[in-house]
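# Close look at the chain arrangement
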Amino acid sequence: MKAYFQLFDLKQKVNYKNEILSGLTVALALIPEAIAFALIAGLSPLTGLYAAFVMGLITSILGGRPGMISGATGAVAVVIVSLAISHGVEYIFGAVVLAGIIQIAAGVLRLGKFIRLVPQPVMFGFVNGLAIVIFMAQLDQFKVMNDVGVLEWMTGGQLWMMLGLVFVTMVIIWGLPKLTKFVPASLSAILVVSAIVIGLDLDTRTVGDIASIQGGFPPFHIPAIPFDWETLQIIFPYSLIIAGVGLIESLLTLNLIDEITQTRGRGNKECVAQGTANILSGLFSGMGGCAMIGQSLINISAGARARLSGIVAAVMLLVFIMFGASLIEQLPMAALTGLMIMVSIGTFEWASLKTVGKMPLHDVIVIVLVALITVLLHNLALAVLIGVVVSALVFAWENAKRIRARKYVDDQGVKHYEIFGPLFFGSVTAFNEKFDVNNDPDEVIIDFAESRVADMSGIEALNKITERYSNSGKTLHLKHLSPDCRRLLKNAEKLIDVNIIEDPIYNVMADKVS
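Residues numbered from 1 in each chain as written. Predicted model: local features only at pLDDT ≥ 70, side-chain atom pairs only at ≥ 80, totals over all residues. Heavy atoms only, no water.

This part is about the packing of aromatic side chains. Under the counting rule described, the total for this entry stands at seven aromatic pairs. With a centroid separation of 5.4 Å and 70 degrees between ring planes, the pair formed by Phe220 and Phe284 is classed as edge-to-face. With Phe220 in the loop between α9 (207-210) and α10 (229-261) and Phe284 in the loop between α11 (267-283) and β4 (290-291), this residue pair connects regions lying 64 residues apart in the sequence. With a centroid separation of 5.2 Å and 85 degrees between ring planes, the pair formed by Phe424 and Phe425 is classed as edge-to-face. We classify Phe424 as buried; its relative accessible area is 9%. Judged by relative accessible area, which is 53%, Phe425 ranks as exposed. Connected via pairs of aromatic rings, a cluster forms that spans Tyr417, Phe431, Phe435 and Phe448. (Phe/Tyr/Trp six-rings, centres within 6.5 Å; stacked < 30°, edge-to-face > 60°. Helix = DSSP H or I, 4+ residues; strand = E, 2+ residues; numbered from the N terminus. Buried < 20%, exposed > 50% of the residue type's maximum accessible area, 1.4 Å probe, protein only.)

So, in structure tokens, the structure goes:
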């Protein structure tokens, strides 16, 4: 029982200073993004902030990756915006709760392991595209509303002031770790730039200019929607997408942090934690969310490695909402913008640029394709799915070309075909082209000692080649097939000659011939 209920690794050495200061930095960085994502979805800013608090707290306590930060995200906001417009915020809460239930089911069924199917080129494309998205999102901070309510680029002194403050923030984040790591560079940059703005009374945009963050403790609230079949039909498609997007983004972030920290997280446990957090988010007036790669990288780069940093971030965010709104609203957006630009620079896999010309062309195409879809559509789940599908098709094509046959006629006049390479849906056509049924002798042996029948397409190909030889009045023996394959070949069982002693033992991914 201990393995299931031990939430904290008491043997892990925790640097409490790093954890607390990292959590404080993350809490400050969460505020503008949570507000922005809530506004994208057409919801109240507090809906995003409450989601950031609940998601961050629950996943930090129960999650499978200590140090990873969760909260309200743009990926979820884009999904729910149409539901918010058509049915209102209550249906959003209901959809988020249902999404959480789906995510818990995915974790219980141990579906988190399928994230291993994401190849490295897709990961490169994912992080590169996400880095570009994070950077482009900061460009809005260099725009102001004109008299007719349209955003336009800053000009003159206002632009130079914004650029200067952002530059100072970036220099501090880059340079301070070279001098000392006693205090996280990100937090130091925010405090220094804030002191400059407040001390010199500079006229620049602050957090309070976006929206007020003043509020109370998240209220418990059961979604005020009819609990009937019609409601389920409305929210289920949204819930399914929220759950899928959330899990894909969370598990990819988990893998990325695993690589950085040289440790291994628990994907299925993270699925359950994300689901639990989304259920509670929907019940406490939050818009739901998932792992946040930007904030997670801020946390990890500041030295956090334990659960404490995420808990501190969530608790401090709630403290800011309930008691410190007036102070936090004075923070300059330039400091937070500079921080996120540095996050985007650190997120981008610059090493992937060096692989162009050194790795297979199809891998380069996958990297570019995934990055472009991420940047243009802002749909991380779709980008990853397309990348995995393209990579799988390329893999199938490359393996399909590897099937070959060695042919010879023995002293008894029997022709042998020794098959090399996998027989599956991609290689069936090439397999069929290896045989000369009309000119072959009366007895033919196909030897599968160096081949594997991988799927139903391969089984059907064996059925058809057996029928072709039978129709020509010739005898075909299939040698070194596994017992599973013999069982499936119902239509040719009288013609099969299997050497059971020499047969390799392996399974095919089917149970019977349809």
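Now, onward.
Glancing now at unusual backbone geometry. The backbone of Asp201 shows a phi angle near 55 degrees, a positive value even though the residue is not glycine. Along the chain, Asp201 turns up in the loop between α8 (185-199) and α9. With a phi close to 65 degrees, Ser285 is a non-glycine residue in the positive phi region. The exposure class of Ser285 is buried, given its relative accessible area of 11%.

Ranked by internal contacts, the top residues of the largest apolar core, which has 103 residues, are Ile31, Phe126 and Met287. Beyond its immediate sequence surroundings of up to four residues, Phe126 is in contact with Leu252, Ile293, Val370, Leu380 and Val384. (Core = buried A, V, L, I, M, F, W, Y, C linked by side-chain atoms within 4.5 Å. Contact = heavy atoms within 4.5 Å.)

All right, on to the packing of helix α4 (residues 74-87) against α10 then. For the pair α4 and α10, the least separation of the axes is 9 Å and the interaxial angle reads 165 degrees. By the criterion of interaxial angle, the relationship of α4 to α10 is roughly antiparallel. Of the two elements, α4 crosses α10, and the hand of that crossing is left-handed. When α4 is examined against α10, the residues Ala75, Val76, Val79, Ile80, Ser82, Leu83 and His87 are found in contact with a partner set consisting of Ile234, Tyr238, Ile241, Ile242, Val245 and Glu249. Looking at the contact of α4 with α10 residue by residue, the class counts come to 10 nonpolar, two polar and one charged. (Axes fitted to C-alpha atoms, helices over the stretch in contact; angles between N-to-C directions. Parallel < 35°, antiparallel > 145°, perpendicular 65-115°, else oblique. Left-handed = near helix turned anticlockwise from the far one by under 90°. Nonpolar A, V, L, I, M, F, W, Y, C, P; charged D, E, K, R; others polar.)

Before going further, it helps to spend a moment on the pattern of salt bridges. In the structure shown here, the tally under the stated rule is five salt bridges. As a salt-bridge pair, Asp258 and Arg65 come within 2.6 Å of each other at their nearest N and O atoms. Residue Asp258 is located in helix α10, and its partner Arg65 is located in the loop between α3 (45-62) and β1 (70-71); the two are separated by 193 residues in the primary sequence. One salt bridge connects Lys143 with Asp140, and the closest N-O pair in it is separated by 3.9 Å. (Salt bridge = Lys/Arg side-chain N within 4 Å of Asp/Glu carboxyl O.)

We now examine the side chain of Ser309. Relative to the helices and strands, Ser309 resides in helix α13 (residues 308-322). Those residues in contact with Ser309 that sit more than four places away from it in its chain are Glu19, Ser22, Gly23, Gly67, Asn299 and Ala304.

Our next topic: helix α6 (residues 120-138). Compared with an ideal rise of 1.5 Å per residue, which puts 19 residues at 27 Å, α6 spans 27 Å between its outermost C-alpha atoms and is within 8% of the ideal. Among the 19 residues in α6, 14 count as buried, and that is most of the element. (Expected span 1.5 Å × (residues − 1).)

Here we come to the sheet that holds strand β8 (residues 475-479). Spatial strand order, β5-β6-β7-β8: four strands in an open sheet with mixed pairing. What marks the edges here is a single partner per strand, and that holds for β5 (404-409) and β8. Strand-to-strand, the axes of this sheet are offset by a mean angle of 20 degrees, without reference to chain direction. Inspection of the sheet shows strand β6 (residues 415-420) paired to strand β7 (residues 443-450) by five bridges, in the parallel sense. Paired with Glu418 across the strands is Asp447, a residue of β7. (Pairing = 2+ DSSP bridges.)

In this section: the confidence of the model for the chain. With 91% of its residues at a pLDDT of at least 70, the chain reaches an overall mean of 86. This stretch, residues 1-6, has a pLDDT under 50; its non-local contacts, to residues over four places away or in other chains, come to one contact. Confidence drops under pLDDT 50 across residues 505-514; counting only partners more than four residues distant or on other chains, this segment forms 25 contacts. (pLDDT = per-residue confidence, 0-100.)

Direction of pairing for β5 relative to β6: antiparallel, over a ladder of six bridges. Residue Arg404 lies in a different strand from β6, and its bridge partner there is Phe420. A loop of five residues connects β5 with β6, the two strands running antiparallel in sequence, and Gly413 in this loop sits at a positive phi of about 85 degrees.

With that settled, the discussion passes to the side chain of Glu33. Secondary-structure assignment places Glu33 in helix α2 (residues 16-40). Lacking a salt bridge, the buried Glu33 has Arg205 as its closest oppositely charged neighbour, with an N-O distance of 14 Å. When near neighbours in sequence (up to four residues on either side) are disregarded, Glu33 contacts Met292, Gln295 and Met340. (Lys, Arg positive; Asp, Glu negative; His and termini not counted.)

A cluster of nonpolar side chains, contributed by Val368, Leu372, Leu376, Leu377 and Leu382, occupies part of the molecular surface with about 470 Å² of accessible area. In terms of residue count, the dominant contributor to the nonpolar patch is helix α17 (residues 361-377) (four residues). Among the secondary structure elements, Leu377 is positioned in helix α17. (Patch = residues over 30% accessible without salt bridge, like charges linked within 9 Å, V, L, I, M, F, W, Y side chains within 5 Å. Areas by Shrake-Rupley, 256 points an atom, 1.4 Å probe, with all protein chains shown as cover.)

A contiguous patch of positive charge, built from Arg110, Lys113, Arg116, Arg264 and Arg266, is present on the exposed surface. Note that Arg264 resides in the loop between α10 and α11. With relative accessibility at 68%, the residue Arg264 sits in the exposed group. (Charge placed at Lys NZ, Arg CZ, Asp CG, Glu CD.)

This part covers the environment of Leu98. One can find Leu98 in helix α5 (residues 89-108). A sequence separation of 292 residues divides Leu98 from Val390, and the C-alpha atoms of the two residues are 31 Å apart. Among residues more than four places away in sequence, those in contact with Leu98 are Leu232, Ile235, Phe236 and Ser239.

Right, let's get into the pairing of β6. The buried fraction of β6 amounts to six of the six residues, a majority that puts the element mostly inside the structure. The alternating pattern of β6 places Lys415, Tyr417 and Ile419 and His416, Glu418 and Phe420 on opposite faces, both of which are buried.

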